[in-house]
Amino acid sequence: MTIDVRPASVFEDVRAVLGPKSPDAGVCWCLSYRIPSRLNQELRGPARGEYAAGLCAAEPAPGVLAYDGDEPVGWAAVAPRAETTFARNRKIPHLDDLPVWALWCVRVRPGHRRKGISHALIAGAVDFARGHGAPVVEAYPLDNGTARVDLTMAYAGLRKNFERAGFTHAADTTSVLAGHPRILMRLDLR
């Protein structure tokens, strides 16, 4: 299997990975950290998908998709931190004033897990950020050690996967997800 990672500019492919089965569902569409809290609360049902479609039509794309052939099998959200709620997050520290990019969500579709897709997504997201001039990429994964993580809450990624991609622990945070602490990890691209 060869995994190809591309910018998430085709909305139908983003829908295949992130979209709900029911168009009226209030799923995330990976908007929770991308948009202000008030707007996140206001967008309901199909409006969330419409907002995501607008992001796919913009430059840069809202992240990257992994493909197995022509089938979209995974997603990673990556954007300048200044354009996300991480720019104002009190639980995750800012280490400096560099225009870092944030990588906060890695999702692999059921039926495609345990095939290295998350690793390809992390590498593809880093390449995407590098191509848009990012000096540093930050991630906020779970520091779960050997403990199992509920797949629904594993979207933040796992420390070991980011370490494998060359990221290093940069700071502790006060953020906790699914009972596991989140840490700030960085990859310097300079």
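Scroll up to find the structure.
Description of the structure in this document.

Rules of the game
- Residues numbered from 1 in each chain as written.
- Predicted model: local features only at pLDDT ≥ 70, side-chain atom pairs only at ≥ 80, totals over all residues.
- Heavy atoms only, no water.
- Helix = DSSP H or I, 4+ residues; strand = E, 2+ residues; numbered from the N terminus.
- Rg over C-alpha atoms; globule rule 2.2 N^0.38 Å.
- Buried < 20%, exposed > 50% of the residue type's maximum accessible area, 1.4 Å probe, protein only.
- Contact = heavy atoms within 4.5 Å.
- Patch = residues over 30% accessible without salt bridge, like charges linked within 9 Å, V, L, I, M, F, W, Y side chains within 5 Å.
- Areas by Shrake-Rupley, 256 points an atom, 1.4 Å probe, with all protein chains shown as cover.
- Salt bridge = Lys/Arg side-chain N within 4 Å of Asp/Glu carboxyl O.
- Lys, Arg positive; Asp, Glu negative; His and termini not counted.
- Charge placed at Lys NZ, Arg CZ, Asp CG, Glu CD.
- Polar contact = N/O pair within 3.5 Å; in protein donor to acceptor, adjacent residues only side chain to side chain.
- Pairing = 2+ DSSP bridges.
- Axes fitted to C-alpha atoms, helices over the stretch in contact; angles between N-to-C directions.

### Re the overall build of the protein chain
Then, number 1: Tallying secondary structure elements over the protein chain gives five helices and seven strands in all.
Then, number 2: For the protein chain, the sequential pattern of α-helices and β-strands runs β-α-α-α-β-β-β-α-β-α-β-β.
Then, number 3: Taken over C-alpha atoms, the radius of gyration comes to 16 Å for the protein chain, in line with the 16 Å a tight globule of 190 residues would show.
Then, number 4: Principal-axis analysis of the C-alpha atoms places the extent of the protein chain at approximately 40 × 40 × 35 Å.
Then, number 5: For the protein chain, the proportion of its 190 residues judged to be buried stands at 47%.
Then, number 6: Long-range contacts, defined as pairs at least 24 residues apart, comprise 65% of the intrachain contacts of the protein chain with a sequence gap of at least 6.

### Focus on a positive patch on the surface
Then, number 1: A cluster of basic side chains, namely R114, R148, K160 and R164, defines a positive patch on the protein surface.
Then, number 2: For R148, the location among the structural elements is in the loop between β5 (136-139) and α5 (159-164).

### Topic: unusual backbone geometry
Then, number 1: Of note, the amide linkage connecting E59 to P60 takes the cis form, showing an omega dihedral of 0 degrees.
Then, number 2: Within the element layout of this structure, P60 appears in the loop between α3 (46-57) and β2 (63-68).
Then, number 3: In this structure, W29 is a non-glycine residue whose phi angle is positive, near 55 degrees.
Then, number 4: Within the element layout of this structure, W29 appears in the loop between α1 (11-18) and α2 (37-42).
Then, number 5: Residues other than glycine seldom take positive phi values, yet C30 does so here, at roughly 60 degrees.
Then, number 6: Mapped onto the elements of the fold, C30 is located in the loop between α1 and α2.
Then, number 7: Judged by relative accessible area, which is 7%, C30 ranks as buried.

### Overview of the side chain of R182
Then, number 1: With respect to the helices and strands, the residue R182 is situated in strand β7 (residues 180-188).
Then, number 2: For the buried R182, no salt bridge is present, and the opposite-charge side chain at shortest range is E138, 10 Å distant.
Then, number 3: A polar atom in the side chain of R182 sits 3.1 Å from the side chain of Y33.
Then, number 4: In terms of polar contacts, R182 uses its side chain to reach the backbone carbonyl oxygen of Y140, at 2.8 Å.

### What to know about the pattern of salt bridges
Where charged atoms from two side chains of opposite charge come close, those side chains can pair.
Then, number 1: The full count for this structure, using the stated rule, is 10 salt bridges.
Then, number 2: Across the pair R81 and E138 runs a salt bridge, and its minimum N-O distance is 3.3 Å. Note that R81 is positioned in the loop between β3 (71-80) and β4 (101-108) and E138 in strand β5, a separation of 57 residues in sequence.
Then, number 3: For R81, a relative accessible area of 6% corresponds to the buried category.

### Side note on the pairing of β7
Then, number 1: Counting buried positions along β7 yields seven of nine residues, so the element is predominantly enclosed.
Then, number 2: Note: β5 against β7, four bridges, orientation antiparallel. What sits directly across from V137, in β7, is L187.

### Considering the sheet that holds strand β6 (residues 168-177)
Then, number 1: The strand order across the open sheet built from seven strands is β1-β2-β3-β4-β5-β7-β6, with neighbouring strands paired in mixed fashion. Here the strands that pair on one side only, and so sit at the sheet edges, are β1 (3-7) and β6. Across the sheet, the mean angle separating the axes of adjacent strands is 25 degrees when strand polarity is ignored.
Then, number 2: Sheet topology note: the β1/β2 ladder contains five bridges and is antiparallel. Following the sheet pairing, P7 is matched in β2 by V64.
Then, number 3: The sheet strands contacting α1 are β2, β3 and β4, and the helix crosses β3 at an angle near 100 degrees.
Then, number 4: Against the sheet, helix α4 (residues 117-131) engages β1, β2, β3, β4, β5 and β7, with an angle of about 150 degrees to β4.

Interpretation in functional terms is not warranted from these geometric data alone.
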